[in-house]
Amino acid sequence: MSLIDLEKSFQEKIDKEIKIEPKDWMPDAYRKTNIRQISQHAHSEIVGMLPEGNWISRAPSLKRKAILIAKVQDEAGHGLYLYSAAETLGISRDQMMNDLNSGKAKYSSIFNYPTLTWADMGAVGWLVDGAAILNQVMLCRTSYGPYARAMVRICKEESFHQRQGFETLLVLSKGTKEQREMCQDAINRWWWPSLMMFGPKDSESTNSDQSIKWKIKRKTNDELRQQFVNMIAEQIKLLGMTLPDPDLKWNEKRNQYDFGEINWEEFWNVVKGNGPCNKQRLAARNKAHDEGAWVRAAAIAYADKKKNKTTHKAA
Amino acid sequence: MSTMHFSKNINNVLHLADSALILAQRNSEWCAHGPILEQDIAITNITLDLIGQARNFYQYAASLINSTNQKNETEDTLAYLRTEREFLNLLICELPNVDWAHTVVRQFLFSSFQQQLFLALQENTDDAIQAIATKSIKETNYHVKWSAEWVIRLGDGTLESRERTLNAIEALWPYTGEFFTNEPTDMMDVSLLKKAWLDKITNVFLEASLSVPENIFMHSGGKKGVHTEHLGFILSEMQYLQRMYPGAQW
């Protein structure tokens, strides 16, 4: 088959909602886009463990401690599924780890913000996981089979995390004056960065059109962002808190919430490495990786020895 | 509140709860910082099991205290509002993680002890203790298996991993004597557990070509509330929100 025919039958499959599987022919750009997106997603899970892991030792009750640890552990699990999905496209986990540690690969910028108080554990769960879920629900139907299947498992756990985050804030919102202030402060700090999680405006986004044609993405950044605003603007009423946006208003005509302008300068600054924690996050990942090097070497050496012993025995 | 007012059987339960919680607190420092993603998940599983055990023991201790003293203790008041001198955990649980070798050697020494203890407590006359021991031993068997595999892997891995494992054993062994010296905080005659424990350790060390230390000075004090300097820091971090906002619900 000629390249043109291959591309044509590839697009036909996508149009018919047939999943693309690892051994199927696919355009190089489709492979690369998926590798980039899935590995970035995996890195986000792994780096995302850090801001929440920051509060494990200080969680205010045994129940909260157990919930938080289980949540951070879930994220490690998500990272594993996603690295495995990316590996089906011909990149190794070592390579992906190196790209993350060297700063070459990107991860979600949201994790470059600091978690300053306990209320941040609630706000991250509710807003950050809430924003992530909208993207992830869409990705359960993405065209690359291994990615879609990983997302189905991940979504189940993520929606649980979002409810836990909301419940953490709900308890604070009904608590003492200090707790209520802590709750509002966390929402104020996490709201705008959460909106930025959907990426640049459609008019500025470089990857969107082709990704939609290939059904890697099924909704645009702006569509998902609007969906998120509509959802959170309603949920916050249950907390009796406010969102830090004076322009947030229900628009009868559009049947949507209007909202204010995102500070894109801040967004690009954090993407470029100037967020409050970019350096710390990368340093923490590198430290874990470097200090683990001797452990991984020992595990490999032992496995080799054991293999040799069995071969000798067999001989 | 002071442990001095607690009766012997309550301190027995608190001792078991404290050891599980303090080791969980230490192990949880690995979460998001482990050497391999799969092992980050594994050590975190153990952490969660230990927190679960601690909660079961604290809840039981609270019910004992409340039924006799008309108090309103909970798992959280017992974990978060007792002081350095009131905690009754084994010293080995509060020692710093240092590195992966120290972490897995400690887990192996401690979990192998817990395994023998829970095995014996399954026959305890107290129904609640019996039930917690029966539930916990399934988890503990896995902790022993996982940590023994790592001791063997590191002991018989590279020169560096062997060196680190030897250092860990040298540092941690002096804290194992306390497992088997009877104190009022012990629910049973713990000296009876030593033989089976030592057999298990010896077998695994043998497989890893490591020798079992002999005639080593043993530290003690944890079961009497006399700790290392590390515990104060663990508690100040762990308890800070409860201390800073007294009476708040979380």
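Keep in mind it's a predicted model, so treat the numbers as computed, not measured. Here, residues in each chain are numbered from 1, in the same order as that chain's written sequence. Labels follow written order: the first chain is A, the first ligand is 1, and so on. Thresholds applied to this predicted model are a pLDDT of at least 70 for local features of residues and 80 or more for the giving and counting of side-chain atom pairs; totals over whole chains, interfaces and linings are not thresholded and use all residues. Calculated side-chain values reflect all of the structure's heavy atoms, with hydrogen atoms and water omitted.

Student: How should I be thinking about the overall build of chain A in this particular structure?
Tutor: Secondary structure elements follow DSSP: runs of H or I no shorter than four residues count as helices, runs of E no shorter than two count as strands, and numbering proceeds from the N terminus. Secondary structure assignment for chain A yields twelve helices and two strands. Secondary structure of chain A in N-to-C order comes out as α-α-α-α-α-α-α-α-α-β-β-α-α-α. C-alpha atoms define the radius of gyration, and 2.2 Å times the number of residues to the power 0.38 defines the globule rule. Here the C-alpha radius of gyration of chain A, 22 Å, is about what a compact globule of 315 residues would show, namely 20 Å. In terms of its C-alpha atoms, chain A occupies a principal-axis envelope of roughly 75 × 50 × 35 Å. Sorting the 315 residues of chain A into buried and exposed places 55% on the buried side. The contact criterion used is simple: two residues touch if any of their non-hydrogen atoms lie within 4.5 Å. Contacts in chain A between residues at least 24 apart in sequence constitute 76% of all its contacts with a sequence separation of at least 6. Accessible areas in this description were obtained via Shrake-Rupley with a 1.4 Å probe; residue shielding takes into account the shown protein chains only. As displayed, chain A has an accessible area near 14,700 Å², and 54% of this comes from carbon and sulfur atoms. Only four residue types enter the charge count: Lys and Arg as positive, Asp and Glu as negative, with His and the chain ends excluded. To locate a charge, take NZ of a lysine, CZ of an arginine, CG of an aspartate or CD of a glutamate. Between the centroid of the 47 positive side chains of chain A and the centroid of its 39 negative side chains there is a distance of 6 Å. We call a residue buried when its accessible area falls under 20% of the maximum for its residue type, exposed when it is over 50%, and partly exposed in between, using a 1.4 Å probe and counting protein chains only.

Student: Even after reading the chapter, I still don't get the packing of helix α3 (residues 62–87) of chain A against helix α6 (residues 145–173) of chain A, so can you show me in this structure?
Tutor: If you want to describe how two helices pack, look at the angle between their axes and the distance between the axes. Residue and element names in this part refer to chain A. A fitted line through C-alpha atoms serves as each axis, taken over the contacting stretch for helices, and the angle formed by two N-to-C directions is quoted from 0 to 180°. Across the interface, α3 lies against α6 with an axial gap of 10 Å and an inter-helix angle of 160°. By the angle class used here, α3 and α6 are roughly antiparallel. At the point where α3 passes α6, the crossing takes the left-handed sense. Throughout this entry, Asp, Glu, Lys and Arg are counted as charged residues, while Ala, Val, Leu, Ile, Met, Phe, Trp, Tyr, Cys and Pro are counted as nonpolar. The remaining residues, Gly among them, count as polar. Grouping the constituent residues of the contact of α3 with α6 by class yields ten nonpolar, four polar and eight charged. Small angles under 35 degrees read as roughly parallel and large ones over 145 as roughly antiparallel, with 65 to 115 read as roughly perpendicular and the rest as oblique. Note: crossing handedness is left-handed where the near helix turns anticlockwise from the far helix by less than a right angle, and right-handed where it turns clockwise.

Student: Please explain the nonpolar core as it appears in this structure.
Tutor: Within soluble globular proteins, side chains that are nonpolar tend to cluster in buried spots. The criterion is simple. A nonpolar core is a set of buried Ala, Val, Leu, Ile, Met, Phe, Trp, Tyr and Cys residues joined through side-chain atoms within 4.5 Å. If you look at the biggest cluster of nonpolar residues, it comprises 173 residues, and the most contacted ones within it are W118 of chain A together with Y58, I92 and W100 of chain B. With 16 residues, helix α2 (residues 37–69) of chain B is the largest single contributor of residues to this core.

Student: Looking at this structure, how should I read the packing of aromatic side chains?
Tutor: Any two aromatic rings considered together are summarised by their centre-to-centre distance and by the angle between their planes. All names here are of chain B. Planes of paired rings set the category: under 30 degrees apart is stacked, over 60 is edge-to-face and the rest tilted, where pairs are Phe, Tyr or Trp rings (Trp by its six-membered ring) whose centres lie within 6.5 Å. Scanning the model with the defined rule gives 26 aromatic pairs over all chains in all. Where F113 meets F179, the ring centres are 4.6 Å apart and the plane angle is 20°; that geometry is what we call stacked. Linking F113 in helix α5 (residues 100–121) with F179 in helix α8 (residues 177–180), this pair joins segments that are 66 residues apart in sequence. By way of ring pairs, the aromatic residues F108, F113, W173, F179, F180, W197 and F205 are connected into one cluster. Geometry around F87 places R82 over its ring, the cationic atom sitting 4.7 Å from the centre. When the NZ atom of lysine or the CZ atom of arginine is within 6 Å of a ring's centre and also within 35 degrees of its normal, the charge is said to sit over that ring.

Student: Can you walk me through the pattern of salt bridges in this structure?
Tutor: Oppositely charged side chains are able to pair whenever their charged atoms sit close together. Just to be clear on terms, a salt bridge is a Lys or Arg side-chain nitrogen sitting within 4 Å of an Asp or Glu carboxyl oxygen. A complete count under the given rule lists 31 salt bridges over all chains for this structure. Between D156 of chain B and K305 of chain A there is a salt bridge, and its shortest N-O distance comes to 3.2 Å. Placement of the pair is D156 of chain B in the loop between α6 (127–155) and α7 (159–172) and K305 of chain A in helix α12 (residues 293–314), with the two residues belonging to separate chains. What makes K305 of chain A partly exposed here is its relative accessible area of 34%.

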